[in-house]
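# Understanding the architecture of this molecule
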Amino acid sequence: ASKTTAATSTKPAVALFSALNKGENITSGLKTVTKDMQTWRAEYKGADAPAPVKVAPKIAPRVAETVKGPPKLEFQDAGSKWVVENQSASNGVVTIQIQDKKETVYIFGCIGATISVKGKCKSIVVDSSKKTKLYFDTAMASVEVVNSQRMEVHCLEKVPSVAIDKTDG
């Protein structure tokens, strides 16, 4: 009984393999599809309703960034510190001339400003600034950039340590 089931189960397999082995004649029994029968073509899709038009999302215009207070550039004797605040590109290049190597420079809230520090200073800190360029000769301890965006920092001579925290670009 097992031989008859094996013989009957091989007959469909033999028929299948003989149909597949026709070679080029395997497609001879198929109909030719003309252009008017092709439903994938764009002119035949959705003849009742027009295709939806994609609308580009509206982008809100960017508000021009401005500084949040009056520009400030002063030397504080108490901490031997230069304070540069709220400078912008309209102020031109802000130049700080360092007299003593114990002086520090603190830059805050500048947008699009260019700041140049001439001479050897103790350290430089840039905080909450955008698109600001900083050029300095030498910082003996470090240069820190914190909470800023799109900054450029150029050391013209040397600096032993650079710290970048919470800064994009």
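This is a predicted model, so every value here is computed, not measured.

## Topic: the overall build of the chain
Along its length, the chain carries one helix and eight strands. Helices and strands in the chain line up, N terminus first, as α-β-β-β-β-β-β-β-β. The buried share among the 169 residues of the chain stands at 24%. Sequence separation of 24 or more characterises 9% of the internal contacts of the chain that already satisfy a separation of 6 or more. Taken as a whole, the chain presents about 12,400 Å² of accessible surface, with 56% of it coming from carbon and sulfur.

## A closer look at the layout of surface pockets
When its volume is computed, the largest pocket comes out at roughly 220 Å³. Taken together, 13 residues line the largest pocket, and the ones lying closest to its centre are Lys-68, Gly-109, Ile-111, Ser-128 and Lys-130. Taken together, the residues of the lining of the largest pocket sort by class into three nonpolar, eight polar and two charged.

## Some thoughts on a nonpolar patch on the surface
Taken together, the side chains of Leu-16, Phe-17, Leu-20 and Ile-26 make up a nonpolar region of the molecular surface, amounting to roughly 410 Å² of accessible area. One can find Ile-26 in the loop between α1 (2–20) and β1 (72–76).

## Re the packing of aromatic side chains
Working definition: an aromatic ring pair is given by the centre-to-centre distance plus the angle between the planes. Counted by the stated rule, this structure contains two aromatic pairs. Their ring planes at 55 degrees and their centres at 5.3 Å tell us that Phe-75 and Trp-82 sit as a pair that is tilted. A relative accessible area of 32% means that Phe-75 is categorised as partly exposed. According to the relative accessible area criterion, Trp-82 is buried, its value standing at 16%. Pairing Tyr-106 with Phe-108 gives two aromatic rings, centres 6.3 Å apart and planes at 10 degrees, and the pair type is stacked.

## Brief notes about the environment of Leu-73
Within the secondary structure, Leu-73 is located in strand β1. Between the alpha carbons of Leu-73 and Asn-86 there is a distance of 9.0 Å; along the sequence they are 13 residues apart. Contacts of Leu-73, omitting those with residues within four sequence positions, involve Trp-82, Val-83, Val-84, Gln-87, Val-94 and Ile-96.

What counts as what
Residues numbered from 1 in each chain as written. Predicted model: local features only at pLDDT ≥ 70, side-chain atom pairs only at ≥ 80, totals over all residues. Heavy atoms only, no water. Helix = DSSP H or I, 4+ residues; strand = E, 2+ residues; numbered from the N terminus. Buried < 20%, exposed > 50% of the residue type's maximum accessible area, 1.4 Å probe, protein only. Contact = heavy atoms within 4.5 Å. Areas by Shrake-Rupley, 256 points an atom, 1.4 Å probe, with all protein chains shown as cover. 1 Å grid on protein atoms, 1.4 Å probe; cavity = no way out; pocket = protein on both sides within 12 Å on 5 of 7 lines; lining within 4 Å. Points joined across faces, edges and corners; volume = space filled by probe spheres on them. Nonpolar A, V, L, I, M, F, W, Y, C, P; charged D, E, K, R; others polar. Patch = residues over 30% accessible without salt bridge, like charges linked within 9 Å, V, L, I, M, F, W, Y side chains within 5 Å. Salt bridge = Lys/Arg side-chain N within 4 Å of Asp/Glu carboxyl O. Phe/Tyr/Trp six-rings, centres within 6.5 Å; stacked < 30°, edge-to-face > 60°.

Honestly, it's all geometry; don't read function into it.
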